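What follows is the residue order along each chain.
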Amino acid sequence: DTEVTQTPKHLVMGMTNKKSLKCEQHMGHRAMYWYKQKAKKPPELMFVYSYEKLSINESVPSRFSPECPNSSLLNLHLHALQPEDSALYLCASSQEGGSSYTQYFGPGTRLTVL
Amino acid sequence: AQSVTQLDSQVPVFEEAPVELRCNYSSSVSVYLFWYVQYPNQGLQLLLKYLSGSTLVESINGFEAEFNKSQTSFHLRKPSVHISDTAEYFCAVSDVPGGSYIPTFGRGTSLIVHP
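Residues numbered from 1 in each chain as written. Chains lettered and ligands numbered in written order. Predicted model: local features only at pLDDT ≥ 70, side-chain atom pairs only at ≥ 80, totals over all residues. Heavy atoms only, no water.

1. Focus on the overall build of chain B
Quick note on the threshold: Helix numbering and strand numbering both begin at the N terminus, where a helix is a DSSP run of H or I of at least 4 residues and a strand a DSSP run of E of at least 2. Both definitions apply: the radius of gyration is a C-alpha atom measure, and the globule rule equals 2.2 Å times residues to the power 0.38. Per-residue accessibility, obtained with a 1.4 Å probe over protein chains only, is compared with the maximum for each type, and a residue is labelled buried under 20%, exposed over 50%, and partly exposed between these values. Between two residues, a contact is recorded if the distance between any of their heavy atoms is within 4.5 Å. All accessibility values rest on the Shrake-Rupley procedure with a 1.4 Å probe; residue burial counts only the protein chains present in the view. Charged residues are defined here as Lys and Arg on the positive side and Asp and Glu on the negative side; His and the ends of the chain fall outside this count. The atom standing in for a charge is NZ when the residue is Lys, CZ when it is Arg, CG when it is Asp and CD when it is Glu.
Summing up its helical and strand segments, chain B has zero helices and twelve strands in all. Listed by position from the N terminus, the elements making up chain B come as β-β-β-β-β-β-β-β-β-β-β-β. Against the globule reference of 13 Å for 115 residues, chain B gives a C-alpha radius of gyration of 14 Å, in line with a compact fold. Each principal axis of the C-alpha distribution contributes one length, and for chain B these read about 45 × 30 × 25 Å. A burial count over chain B gives 47% of its 115 residues as buried. Restricting to contacts in chain B with at least 6 residues of sequence separation, those with at least 24 account for 58%. A total accessible area of about 5,400 Å² is found for chain B, and carbon and sulfur atoms account for 51% of it. Between the centroid of the 6 positive side chains of chain B and the centroid of its 10 negative side chains there is a distance of 7 Å.

This is how it looks when you write it as C-alpha cells:
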C-alpha cells in the first residue's frame, strides 16, 4: 500500500471558521509533511514531522497549527484564515532514514477561504 | 544547498510526437533526483527517480530520464506522447543521506499535448 489519503477533498470556509485537514498513511513512514501549493506553482513546504515530533516549521503563520497524533496521522488545524490562504494543501510521507528519501503525496485538499 | 532549474514553463506538443522536459540542478554534494507528475486537480505522483546505479531510469508509462552528472541534468523524455500526458511535471532533488532529506522542487513544466 503506497497510498496517502487526505480528507476532505474540498473545503470552503469563512475567515472566522475553525476547520481541520486530515492525512493518513499506512506505509510505516516516520516522516510526514504539509505543503501548500498555489496554481501552476511548485509545492511550498510548511511543516515536517519526524517520529511524531515537529522538526521543521517554515515560518508558517500561527493560524495554521499542525498536529501528529500518531505515526499514521497528520492534521492541520485552521483558524482565522485569510483569502490568500486559498490553495491546494498536500500531505506527503517518506521513510526517513531509509535509502530512498522518496516522498509519497496525497491527492490534496482544495481550500477556499471566503 | 541545492537548486533546481526547469527552463521551460510550458511545452506544447502534438500527440504522438516526442518530447523532452529539461531539468538542471546544482548541488555541492551527491543527489537523488525525482520527476513528479501532477494531473489537473490532483496531487503529485512519483513518475521516476534516480538514486544510484544505472543512469537511465524508466517509468511504467513510457517516460525515461537520464542522470548526467557532468552536465548536472536529469531531463525527462518520451518518444511518443498521448493526450493523457497533459499535466504539470516537477523535477526535484534531495541530498544523498547525510544532508537534508527535504526535496527541492523546480518551478514545474506544463506539458500540453494537442490532438
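2. Overview of the packing of aromatic side chains
Here is the rule we go by: Two aromatic rings, drawn from Phe, Tyr or Trp (for Trp, its six-membered ring), form a pair once their centres lie within 6.5 Å of each other, and the interplanar angle then sorts them: stacked below 30 degrees, edge-to-face above 60, tilted otherwise.
Inspection of the entire model under this criterion finds eleven aromatic pairs over all chains. Here Tyr36(B) and Phe105(B) contribute two aromatic rings whose centre-to-centre distance is 5.9 Å and whose plane-to-plane angle is 50°, an arrangement assigned as tilted. Of the two residues, Tyr36(B) is situated in strand E5 (residues 31-38) and Phe105(B) in strand E11 (residues 104-105); the sequence distance between them amounts to 69 residues. Aromatic side chains Tyr50(B) and Phe67(B) sit 4.5 Å apart centroid to centroid with 25° between the ring planes, which places their arrangement in the stacked category. On the criterion of sequence distance, the pair formed by Tyr50(B) in strand E6 (residues 45-50) and Phe67(B) in strand E8 (residues 64-68) is long-range, its members being 17 residues apart. Through pairs of rings, three or more aromatic residues link up here, namely Tyr33(A), Tyr35(A), Phe105(A), Phe34(B), Tyr36(B) and Phe105(B).

3. Describing the nonpolar core
Where we set the bar: As used here, the term nonpolar core means buried Ala, Val, Leu, Ile, Met, Phe, Trp, Tyr and Cys residues forming a set that is joined through side-chain atoms within 4.5 Å.
Trp35(B), Leu48(B), Phe74(B), Leu76(B) and Tyr89(B) are the most contacted members of the largest nonpolar core, which has 28 residues in total. Going through the elements one at a time, strand E2 (10-14), strand E3 (19-21), E5, E6, E8, strand E9 (73-78), strand E10 (87-95) and strand E12 (109-114) of chain B are the ones with two or more residues in this core. One finds Met27(A), Met46(A), Leu74(A) and Cys91(A) within the second-largest nonpolar core, a separate group that totals 23 residues.

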